[in-house]
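These are the residues of each chain, in order.
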Amino acid sequence: CGGRRWRRSRPATRPPLSTGDKQDCRAQHTTYMARRKHRHSVARFVDRVRIFAAGGHGGNGCASFFRDTRVERGPPDGGSGGGGGSVFVRASGGVGDLSLGRHSFRAGPGAHGSSSQMNGRRGADVYIEVP
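Right, let's walk through the structure included here.

Rules behind the numbers
Residues numbered from 1 in each chain as written. Predicted model: local features only at pLDDT ≥ 70, side-chain atom pairs only at ≥ 80, totals over all residues. Heavy atoms only, no water. Helix = DSSP H or I, 4+ residues; strand = E, 2+ residues; numbered from the N terminus. Buried < 20%, exposed > 50% of the residue type's maximum accessible area, 1.4 Å probe, protein only. Contact = heavy atoms within 4.5 Å. Areas by Shrake-Rupley, 256 points an atom, 1.4 Å probe, with all protein chains shown as cover. Core = buried A, V, L, I, M, F, W, Y, C linked by side-chain atoms within 4.5 Å. Salt bridge = Lys/Arg side-chain N within 4 Å of Asp/Glu carboxyl O. Pairing = 2+ DSSP bridges. Phe/Tyr/Trp six-rings, centres within 6.5 Å; stacked < 30°, edge-to-face > 60°. Lys NZ or Arg CZ within 6 Å of the ring centre and 35° of its normal.

Considering the overall build of the chain
Check the secondary structure of the chain and you find 1 helix and 4 strands. The linear arrangement of helices and strands in the chain, starting from the amino end, is α-β-β-β-β. Split into buried and exposed, the 131 residues of the chain put 18% on the buried side. Across the chain, every contact between residues at least 6 apart in sequence was considered, and the portion connecting residues at least 24 apart equals 70%. About 10600 Å² of surface is accessible on the chain, with carbon and sulfur atoms providing 51% of the total.

A look at the nonpolar core
Counting 6 residues, the largest nonpolar core is built from Leu98, Phe105, Ala107, Val126, Ile128 and Val130. Per element, the largest residue contribution to this core is 3 residues, and it comes from strand E4 (residues 126–130). What Val130 contacts, discounting residues up to four positions off in sequence, is Val89, Arg90, Ala91, Ser92, Val95 and Leu98.

Things to note about unusual backbone geometry
Unlike most non-glycine residues, Ser116 shows phi in positive territory, near 65 degrees. Inspection of the secondary structure puts Ser116 in the loop between strand E3 (104–106) and E4. Its identity as a non-glycine residue notwithstanding, Gln117 has a phi of 55 degrees, on the positive side. Assignment of secondary structure puts Gln117 in the loop between E3 and E4.

What about the pattern of salt bridges?
Taken as a whole and assessed by the stated rule, the structure comprises 3 salt bridges. For the salt bridge of Arg70 with Asp68, the shortest nitrogen-to-oxygen distance reads 3.3 Å. For Asp68, a relative accessible area of 29% gives the class partly exposed. We note a salt bridge from Arg90 to Glu129, for which the minimum N-O separation is 3.1 Å. In this pair, Arg90 sits in strand E2 (residues 87–91) while Glu129 sits in strand E4, placing the two residues 39 residues apart along the sequence.

Quick look at the pairing of E4
Residues Val126, Ile128 and Val130 of E4 are buried on one face, while the alternating residues Tyr127 and Glu129, pointing to the opposite face, are not. Sheet analysis places E2 next to E4, joined by 5 bridges and oriented parallel. Counterpart to Val87 in the pairing with E4 is Val126.

Describing the packing of aromatic side chains
Inspection of the entire model under this criterion finds 1 aromatic pair. Geometrically, the ring pair formed by Phe88 and Tyr127 is stacked, given 5.3 Å between the ring centres and 20 degrees between the ring planes. With Phe88 in strand E2 and Tyr127 in strand E4, this residue pair connects regions lying 39 residues apart in the sequence. For Phe88, a relative accessible area of 36% puts it in the partly exposed group. Residue Tyr127 is classed as partly exposed on the basis of its relative accessible area of 42%. One residue, Arg90, lies across the ring of Tyr127, its end atom 4.3 Å from the ring centre.

Shown next as structure tokens:
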């Protein structure tokens, strides 16, 4: 049999499991793979998980001054940067356990301010659905 005959944890002196023909070996390998697939396909209930959550950084402000042909030295007219997004944990009835699929959550950054007193946009929020 060309496949794996015994586990690595067993001693190497153990005789192979099959001494028959190729059909017997193929059947053994098929049942071994079926057991292995079943063992890994069992869904487990997850009730504890460690996550990383971070809010977004705020945008930079703009330092500019009003310019016009009639005004020699205009007042400052730069806008403030937008605030960074937030991370919220929201309870949901459609979620069964804490298998989130990912463990890192980061909110979006705020946009930068610009001239003409235009403030930056606020960053996008992130919601984590939990049971």
